[in-house]
Structure formats: C-alpha cells, structure tokens
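This is what each chain is made of:
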Amino acid sequence: GMGGATLPGTAVACGNCHGADGLGRAEAGVEPSVITWSQLTKSYGHVHANGRRHPAYDDASFARVVSAGVDPGGNRLEPAMPRYALHPDDLRDLLAYMKRLERDLDAGVSDKAITIGTLLPAAAPAVGEAMKKAMEAAFHDVNAAGGLYGRRIELVARSYAPDAALQAARDLVERDHVFALVSPFALGTEPALARFAEEGRIPVIGPFTIRGPASPPGRYTFYLFGGLPEQAEVLVSFGLRSAELSRQALAIVHPDDADSGTAAQAALARCHAKGCALAASIAYHAGVLDAPRIAARCRDSGAAAVLFLGPAQDLERFAEAAADAHWFPALLSPGMLAARAIAHLPATFAERLYLSYPMSPPAADGANAFDRFAEKHRLSPSNALPAFSSYLAASLLVDGLRRTGRDVSRERLVQQLESTTDYRTPMAEPLRYGPQRRIGALGGHVVKPAAGATSLTVASGWISLD
C-alpha cells in the first residue's frame, strides 16, 4: 500500500526510487535512503537528514520496515515509502537478495579487471588502428601503475562495416560483456548508438563523430566536443567579434542533407540571437553543387563572408567559381569538413579561409601538439585527430572510474561523469558535464592558413557557446 491506496507491487517497485543498486535517487523532493545491506547494518545506526534516528537493522527489523513502515527505532517512515504485503517466502527471498545486492557486479567487471569496448571502422583501418593504439596507451599507463583499485582495464575492439555498427555494439555488450563503450567510431550511426546506450543503460564515453549529440542526447552518452551545429555557431560568433568581419554581411551555404541542414539552422539561430547581418541562406542538392550559380547568388545578396557547410571538394569548387567572377569573400568552414581544401583553394583565398576546431588546432604557431602526442605513442601523425580524441575519451573514462571507487557500477560511473566540472588535458579545453549537459567542451577555436598554406595560425582564442 502507498498513501492509503492498495496497489500491485510492480507499480511501486523498490528500484524505482532506490535504484537497481540500492543507492537511492533523489527525485521530486523525495530522497530515498541507501539500502545496501552494509549501510543498513552499520553498528552505530543511522541519523537521517530529517532528524530520524534508529539503531542498525537486522533480519527482523528489516521485515518490519518493509511490511509496516516502522524502522528499528520505532519511527514511522514517510508516507512516500510504500508498505508491502509479502508472503513469508517472498520476504525471505528479498532479504537474501538485499544481502548480496552490493556484491552483484555489472557486466564487464570482475575482481581483477574491467572490460571496455570500442567500435572501429573496417573501411578505414588506419584510422581505427590509430584510435585503438591511443586507447591502449591510456589503459597501459594505468595498468602499469597497478590498475584501478587492483583491477586492470582491458580493451575489446570490434571492427565493423558501415551498415553493421549497431550490431557490432550489441555484440560488444551481449557477447563480449563489456562494461562501457569508449570512443566508438560513430560516424553516421550517432542516433542509433545513443538510443542503444539509453535502452541498455550502457555508458558511452567520447563517441568519435562530426554530427555531435543526438537530440535529446540522453543520459548515458558523454560527448567530448560539439559537432557540426556547434562548430557552425562558433564561426558565426567569430565573425561577429572579428575586427575584419564584424560589419560584413554573411551568407550561409549548405547541402540539403539532414546533418548540414541542422548545422545551418543552428547558425541561423545564433545569427538571429546575436544580431548578425545575414545576407542569404542557400541550400543546394548534396553532391550536385552548381558552383557558379551559388557563388553569384551569394555575391548578389551583398555577402562579404560565406559560412560554407559542405565538404572540402564543394568548397574548392565554390572558391574557384567566386575567383572566376572576381569576387573574394571571407570563407568560414568547420575544419572537420574543409581542412583538405586548404592546399587546393585559389591563391587569393589562402588567407581568406577561417576554420573552426573543437580542440586546439593541429598546428598553431609552429607548436604541433598533435605531432608530439603521436610521437610519444608511436602513432601515425596523419591520424592524430581521431587518435587524440580516443586518448582523451579513454583518459576521461579512467578519471571517472577512479572517482567511482572500488564498488564500481555503470550507474555510479554515470553519476561521477556527470559531476565532472573541470577535467583538464593538453590540446582541449577543460571538460565539464552536468545532469543536463553532455558536451564536455562546448565551443571551439578558429584558425587560418599561414603564408604558403603549409601551417595554420591562430585567428581566435577559445570561443565558448555556454
């Protein structure tokens, strides 16, 4: 019964409030107690936040509190705590379960190891190998120092074909029994992977993606950086604060696919919110760019800067068409899309291109932190970006596990990760999460090609979207 009403036990299951691990979940002003057996039977008893005091529980007093709502001190529990009418056999089974509850370990956890899984792209083996080596390097350092509370961290990697990512994730969980996924290569599978994480309550730390968080991102997936929408917003913010671009009208050009459209909408929203001078927003059929026509439309709209959200080859064609028309706007584009265009743009645009990155730029003022990272871990410099992202995701996982303690569980790990307020590492802004925040570093840097387009130079400091 609850509040005078008689309900089936399934309607007010213990785990709804106390959690499957018995640790309690504050909700709607109610703070359920921790009900692990070691906590209930502490020899010195308990003093609760509302002043209620009682000695330790034993078998008989536990049966009494479940059925009558009276603690070992004779105090009646709050009405929010249901009273259960259980058959004596069921009550004995419940008591036996309570005594082993906190020793029940999540999949992937043993006394000697924690098994972590990752997904790698079979279609890009060099990228996958760099990511795997980076994660192995992070875990090797931990294991060499004695592990985490006596446990080694072991990595299981599955390579998958483009249409088999979700099945590979299921295999990691159901066949390999991994505890969590770290830095899974998620390009094109972000929403499905996020749904899988929610349904299975599987922590996913640092999926490698350019799309960014699914909407809503869910509780169990922790992104290191924003995706295309956030980088588009960074570029708009940069244009507004840049002395060269702040008074220039902006045109937005993007393919008509869903991801690019979402990024364009994010840029438009920031333009409207910040008073950006918007000249035009133009969508073109993905893979079918009529560069001369689109460039002419942008020029005729009065734009002096173009936020281009298409792939590198489309940006190259757009710049060539603009140069043929003797029109030379500033070009702004996410580095994850356009970096390969640097060496192929008309010379006039070499110093008119601005690229955004969600982490420190790959070569800023000659101090190439990514090259140093790759050299330390013997990784190929050509895949340093995904390698570093994987290393950072693995390091964040280790930090969360270390703060979780010996009694590790998926739920405890998620709680620790979402309480992360200032996780610092080279090459990235401090990562910060919260109950409603699942992007660690929300913002980006802007860089531009240096003379000769052989390196990049910093055009802005960190631009925060918080």
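Residues numbered from 1 in each chain as written. Predicted model: local features only at pLDDT ≥ 70, side-chain atom pairs only at ≥ 80, totals over all residues. Heavy atoms only, no water.

Visitor: Would you mind going over the overall build of the protein with me for this structure?
Guide: A tally of helices and strands in the protein yields 15 helices and 18 strands. Within the protein, the proportion of its 466 residues that are buried is 52%. Put simply, 60% of the contacts in the protein that link residues at least 6 apart link residues at least 24 apart. When the accessible surface of the protein is split by element, carbon and sulfur atoms take 51% of a total near 21,300 Å². (Helix = DSSP H or I, 4+ residues; strand = E, 2+ residues; numbered from the N terminus. Buried < 20%, exposed > 50% of the residue type's maximum accessible area, 1.4 Å probe, protein only. Contact = heavy atoms within 4.5 Å. Areas by Shrake-Rupley, 256 points an atom, 1.4 Å probe, with all protein chains shown as cover.)

Visitor: It is not clear to me how the pairing of strand β10 (residues 305–308) should be interpreted in this structure. Could you clarify?
Guide: Regular strands show a simple pattern: their side chains alternate between the two faces of the sheet. By the alternation rule, side chains of β10 split into A305 and L307 and V306 and F308, which are all buried. With four bridges connecting them, strand β8 (residues 250–255) and β10 associate as parallel partners. By the bridge assignment for β10, L250 is matched with A305. Bridge count for β10 against strand β11 (residues 330–334) is three bridges, and the pairing is parallel. Across the sheet, residue L307 finds its bridge partner in β11, namely L332. Crossover connection from β10 via helix α11 (residues 312–324) to parallel β11: handedness right-handed. (Pairing = 2+ DSSP bridges. Right-handed = clockwise from strand over helix to strand, strands pointing away.)

Visitor: I'm lost on helix α7 (residues 190–200) in this one. Help?
Guide: An α-helix turns once every 3.6 residues. As a result, residues three or four positions apart point the same way. E190, L193, A194, F196 and A197 are the residues of α7 that are buried. Down the axis of α7, the buried side of the element spans an arc of 160°, and every buried residue falls inside it. In α7, the exposed positions that point more than 90 degrees away from the buried face belong to R195 and E199. Close packing links the buried residues of α7 with α6 (165–174), β5 (180–182), β6 (204–205) and β7 (221–225). Looking one or two places after α7, you find R201, whose phi comes out positive at around 55°. (Arc of directions from axis to C-beta.)

Visitor: Help me out: how do you make sense of the confidence of the model for the protein in this one?
Guide: Should pLDDT be low for a region, the predicted coordinates there are not to be read in detail. On average, the protein scores 87 in pLDDT, and the residues at 70 or more come to 89%. Of all secondary-structure elements in the protein, the lowest mean pLDDT belongs to helix α13 (residues 369–376), at 67, while β5 reaches the highest, 98. Here residues 363–367 scores under 50 on pLDDT; set against residues more than four positions off or in separate chains, the count is nine contacts. (pLDDT = per-residue confidence, 0-100.)

Visitor: How do you make sense of the packing of aromatic side chains when you look at a structure like this?
Guide: Geometry of an aromatic ring pair is reported as the spacing of the ring centres plus the angle between the planes. This structure, assessed with the given rule, holds eight aromatic pairs. Each ring, one from F222 and one from Y433, has its centre 5.4 Å from the other, and the planes form 80°; the classification is edge-to-face. Here Y433 lies in the loop between β14 (428–431) and β15 (439–441) and F222 lies in strand β7, a separation of 211 residues in the sequence. Classification of F222 as buried rests on a relative accessible area of 0%. Taking 5.2 Å as the distance between ring centres and 45° as the angle between the ring planes, the aromatic pair formed by F238 and Y354 counts as tilted. In this pair, F238 is assigned in helix α8 (residues 228–241) and Y354 in strand β12 (residues 353–357), connecting sequence segments 116 residues apart. F238 sits in the buried class, given a relative accessible area of 3%. We classify Y354 as buried; its relative accessible area is 3%. By way of ring pairs, the aromatic residues Y284, F308, F318 and W327 are connected into one cluster. (Phe/Tyr/Trp six-rings, centres within 6.5 Å; stacked < 30°, edge-to-face > 60°.)

Visitor: Would you explain unusual backbone geometry in this entry?
Guide: The phi dihedral of Y149 is positive, around 55°, even though this residue is not glycine. Looking at the element boundaries, Y149 is found in the loop between α5 (125–144) and β4 (152–160). The class for Y149 is partly exposed, based on a relative accessible area of 41%. Non-glycine residue H326 carries a positive phi angle of around 60°. Among the secondary structure elements, H326 is positioned in the loop between α11 and β11.

Visitor: What is the right way to read the pairing of β4 from this model?
Guide: Judged from the nine bridges that link them, strand β3 (residues 113–121) and β4 form a sheet pairing that is parallel. The residue bridging I114 from the neighbouring strand is I153, located in β4. The parallel pair β3 and β4, bridged by α5, forms a crossover whose chirality is right-handed.

Visitor: For this particular structure, what's the right way to read the packing of α6 against α7?
Guide: For any two helices packed against each other, one specifies the inter-axial angle together with the distance between the axes. Packing of α6 against α7 leaves a shortest axis separation of 10 Å and a crossing angle of 25°. Relative to α7, the element α6 lies roughly parallel. At the point where α6 passes α7, the crossing takes the right-handed sense. In contact with L166, A169, R170 and V173 of α6, α7 contributes A192, L193, F196 and E199. Considered class by class, the residues forming the contact of α6 with α7 number six nonpolar, no polar and two charged. (Axes fitted to C-alpha atoms, helices over the stretch in contact; angles between N-to-C directions. Parallel < 35°, antiparallel > 145°, perpendicular 65-115°, else oblique. Left-handed = near helix turned anticlockwise from the far one by under 90°. Nonpolar A, V, L, I, M, F, W, Y, C, P; charged D, E, K, R; others polar.)

Visitor: Mind showing me how you'd approach the state of the cysteines here?
Guide: Each disulfide is one covalent bond, formed between the sulfur atoms of two cysteines. In this structure the tally under the stated criterion is zero disulfides. With no disulfide partner, C276 has as its closest neighbouring cysteine sulfur the one in C271, 3.0 Å distant. Residue C276 is classed as buried on the basis of its relative accessible area, which comes to 16%. (Disulfide = S-S within 2.5 Å.)

Visitor: In this structure, what is going on with the pattern of salt bridges? I would like to understand it.
Guide: Note that side chains of opposite charge can pair when their charged atoms are close. Here the structure, examined in full by the defined rule, presents 18 salt bridges. Ionic pairing is found between E233 and R270, a salt bridge with its closest N-O pair at 2.7 Å. Pair noted here: E233 is in helix α8 and R270 is in helix α9 (residues 258–274), with a separation of 37 residues, a long-range link. This pair shows no difference in class: E233 is buried, exactly as R270 is. Two residues, R403 and D399, come together in a salt bridge whose shortest N-O distance is 3.0 Å. (Salt bridge = Lys/Arg side-chain N within 4 Å of Asp/Glu carboxyl O.)

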